[in-house]
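Chains, contacts and geometry: an overview
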Amino acid sequence: MLHLRGDSCPEAALLRAYERTGTDVFLLDTATGDGALGSTGQPLDAAAAAALADRLTRPFLLAGGLDAANAPAYARLTAHPRFLGVDVDSAARGPSGRLEGERARAVRAAWTAPAVTACGPAGRG
């Protein structure tokens, strides 16, 4: 897992070491200013994530505050040749914390829409 705090990634210096030791896929996620990780709902900075993705030689997934409404902001990443998909667990959950079909369907529709995957399915044309 690679964390982005704004436009910096604390693990960036370790990318090649992770790859040499067998990392198959990276998950790009947000770290909050206070160091909180996972399920924070804080949006992943799309420009910073794109810059980091360009440095990777392995596929990646996106996480970090992704939902149906902000999918178009990540079009550059979904068109990236190493993009595999998204983790949208929080966006698919309702106020009770339980998964809700309607919310999950909305997220799926938004993240597979032509505006998001302009280069074909999963950004591959």
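What counts and what doesn't
- Residues numbered from 1 in each chain as written.
- Predicted model: local features only at pLDDT ≥ 70, side-chain atom pairs only at ≥ 80, totals over all residues.
- Heavy atoms only, no water.
- Salt bridge = Lys/Arg side-chain N within 4 Å of Asp/Glu carboxyl O.
- Helix = DSSP H or I, 4+ residues; strand = E, 2+ residues; numbered from the N terminus.
- Buried < 20%, exposed > 50% of the residue type's maximum accessible area, 1.4 Å probe, protein only.
- Arc of directions from axis to C-beta.
- Contact = heavy atoms within 4.5 Å.
- pLDDT = per-residue confidence, 0-100.
- Pairing = 2+ DSSP bridges.
- Axes fitted to C-alpha atoms, helices over the stretch in contact; angles between N-to-C directions.

Thoughts on the pattern of salt bridges
The full count for this structure, using the stated rule, is two salt bridges. Two residues, E19 and R16, come together in a salt bridge whose shortest N-O distance is 2.7 Å. Taken together, the residues E19 and R16, both in helix 1 (residues 15-20) and three residues apart, mark about one turn of the helix. On the basis of relative accessibility, which here comes to 6%, the residue E19 falls in the buried class. In this structure R16 comes out as partly exposed when scored by relative accessible area, which is 39%.

Quick look at helix 4 (residues 101-111)
Here helix 4 has its buried residues at V107, A110 and W111. Down the axis of helix 4, the smallest arc covering the buried residues is 90°, so these residues share one side. What points out from helix 4, more than 90 degrees from its buried face, is the exposed set E102, R105 and R108. Of the surrounding secondary structure, the elements contacted by the buried residues of helix 4 are strand 3 (60-62), helix 3 (75-78) and strand 4 (83-86).

Brief notes about the confidence of the model for the protein chain
Scored by pLDDT, the protein chain has a mean of 80; 82% of the residues are at 70 or more. Contacts of residues 115-125 to residues separated by more than four positions or lying in other chains number 23 contacts, the stretch itself having pLDDT below 50.

A few points about the sheet that holds strand 2 (residues 26-30)
The sheet built from four strands is open, its strands ordered 1-2-3-4 with parallel pairing. Of all the strands in the sheet, the pair left with one neighbour each is strand 1 (2-4) and strand 4. The average angle at which neighbouring strand axes cross in this sheet is 25°, direction not considered. Pairing between strand 2 and strand 3: three bridges, direction parallel. What sits directly across from L27, in strand 3, is L61. The sheet contacts of helix 2 (residues 46-53) involve strand 1, strand 2 and strand 3, and relative to strand 1 the element is tilted by about 145°.

A look at the side chain of N70
The topology assignment puts N70 in the loop between strand 3 and helix 3. Among all residues touching N70, those that are not within four sequence positions of it are G65 and W111.

Observations regarding the pairing of strand 2
Across the five residues that make up strand 2, a large majority, five, are buried. Burial along strand 2 is two-sided: F26, L28 and T30 facing one way and L27 and D29 facing the other are all buried. Where strand 1 meets strand 2, three bridges bridge the pair, whose relative direction is parallel. Looking at the pairing, L2 lines up with L28 of strand 2.

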